[in-house]
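Structural overview
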Amino acid sequence: MKRNDVLSCAAVSLLVALSSEGGAATVNPGPGEYVFSGTIYHSQSLFGIHCKITMTVDVSATSSGLHMEVVDGAYGSYDGSESSTLLCEAITMDFPWSASISNNDIGDTEDQPVNIQFQNVSVTGWMGLCGTGNDTMPAVLTSINPSTLPTRINYSAAVGNCSFSAELEEVSHTLSISNP
């Protein structure tokens, strides 16, 4: 009888442990490419400039979490001036940048920020390559309520002799990510 009680306890403990593990991440309205746009402050050596930036990010859910890959992007003029246009458009990015986010790092509601570590980051500024061409960049994904406040990617980081501070919004206002 005691052995059955011990086995029952073990079985219940196992079921509780399995049911408490997070499910797979969900991407709404679904996996695919999402365009993010916003402003960035880019500095290299002693000089910095505000630019507009647009990035296309492929978002997909996997059994272990979420995969994000920046597949395209461009800098553009912040204020339309000739100097801003020349400097901002001289900055180039090589893609893809990729990030894998574990289910454990994704909140169970949309309003919890998700830390991202993009890999393979390569940016060239007006004074040459910013880092090694294979750098990392931390970012934060925030998805509060896409219909009223768009999903955002924010990052502030140094790569080699460049610094970046950006806030980008998902332009369709539909993307949301959670781990139910």
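Keep in mind that what you see is a predicted model, and the values were worked out from it rather than measured.

A few words now on the packing of aromatic side chains. Evaluation of the coordinates by the stated rule reveals 3 aromatic pairs. With a centroid separation of 5.6 Å and 40 degrees between ring planes, the pair formed by Phe-95 and Trp-97 is classed as tilted. By relative accessible area, which is 24% here, Phe-95 ends up partly exposed. Ring-pair connections join several aromatic residues into one group, and the members of that group are Phe-95, Trp-97 and Phe-118.

This part takes up the environment of Ser-156. Along the chain, Ser-156 turns up in strand S10 (residues 152-159). Residues Ser-156 and Ile-40 lie 116 residues apart in sequence; the distance between their C-alpha atoms is 9.3 Å. Apart from residues no more than four positions distant in its own chain, Ser-156 is found in contact with Phe-164 and Ser-165.

What follows deals with unusual backbone geometry. Here Asn-28 and Pro-29 are connected by a cis peptide whose omega angle stands at 5 degrees. A cis geometry characterises the amide bond from Phe-95 onward to Pro-96, with omega recorded as 10 degrees. Assignment of secondary structure puts Pro-96 in the loop between strand S5 (92-94) and strand S6 (97-102). Although it is not a glycine, Asn-120 sits at a positive phi angle of roughly 65 degrees. Along the polypeptide, Asn-120 turns up in strand S7 (residues 114-125). Relative accessible area serves as the criterion here: at 36%, Asn-120 is assigned to the partly exposed category. The phi dihedral of His-173 falls on the positive side, at around 60 degrees, and the residue is not glycine. Summarising the element assignment, His-173 is placed in the loop between strand S11 (162-170) and strand S12 (176-178). We classify His-173 as partly exposed; its relative accessible area is 33%.

Conventions adopted
Residues numbered from 1 in each chain as written. Predicted model: local features only at pLDDT ≥ 70, side-chain atom pairs only at ≥ 80, totals over all residues. Heavy atoms only, no water. Phe/Tyr/Trp six-rings, centres within 6.5 Å; stacked < 30°, edge-to-face > 60°. Buried < 20%, exposed > 50% of the residue type's maximum accessible area, 1.4 Å probe, protein only. Helix = DSSP H or I, 4+ residues; strand = E, 2+ residues; numbered from the N terminus. Contact = heavy atoms within 4.5 Å.

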